[in-house]
Amino acid sequence: SVLINKAGKSASRSFYDEANRIIKKEIWQISDARNSRLSEVEIYEYEDSSDNVSKKTYKTDMSEEITFYNKNGFPVLSELYYFKESEQKGKEEPEKIKYLFSKRSLSYDSENRILKEELTKDKKTELKIISYHEDKDIPPDLECYENGTLKKKVIYSSVSTYVEELFFDSSYSVKSYF
């Protein structure tokens, strides 16, 4: 089945499978009755009979983002690609080359809380490691790394008491007590 919705100068078409799960969504820009263009597409994939999305692809003219989800519906991997036109002479329409811009991965504990987040962008990797306290009122501790080097650490001892330590390249660090 298909659901169409129009608002202003844009319209969307949502496509559903026999289990009434969305499988595709198109966003159209409509300037008049003769001029319209497809500006965005979202494609949803599912594993077996699950209602949770396992993969979502979001495309525009200039980018594509692919996100993978775990069985609980939380994102575990996201890759953002950009397109650039090749500089080939003699072709009527330049070919678009897809290149990876950034990659983000997440891992969770049994309570679906984020344990680790890693972002790679421009040959730089940022890693956040989160540690939770038994007392759920106390905010989680945090360690931040850049290209494998510890840059920041935040350790909580109570809801409003914590130590933040910043690390610098020359093996110096600054601790702040709050």
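Residues numbered from 1 in each chain as written. Predicted model: local features only at pLDDT ≥ 70, side-chain atom pairs only at ≥ 80, totals over all residues. Heavy atoms only, no water.

Caption draft 1: Summary view of the environment of Glu40. Examined against the element boundaries, Glu40 turns out to sit in strand E4 (residues 36-46). Taking the C-alpha atoms as reference, Glu40 lies 15 Å from Lys6; in sequence the two are 34 residues apart. Here the side chain of Glu40 touches Tyr58 through a polar contact of 2.9 Å, side chain to side chain. (Helix = DSSP H or I, 4+ residues; strand = E, 2+ residues; numbered from the N terminus. Polar contact = N/O pair within 3.5 Å; in protein donor to acceptor, adjacent residues only side chain to side chain.)

Caption draft 2: Highlighting the pairing of E4. As paired strands, strand E3 (residues 22-30) and E4 are joined by seven bridges and run antiparallel to one another. By the bridge assignment, Lys24 is partnered in E4 with Ile43. The pairing of E4 with strand E5 (residues 53-59) spans six bridges and is classified as antiparallel. Across the sheet, residue Tyr46 finds its bridge partner in E5, namely Val53. Counting the residues that bridge the hairpin from E4 to E5 gives six residues, and of these Asp48 lies at a positive phi of roughly 50°. (Pairing = 2+ DSSP bridges.)

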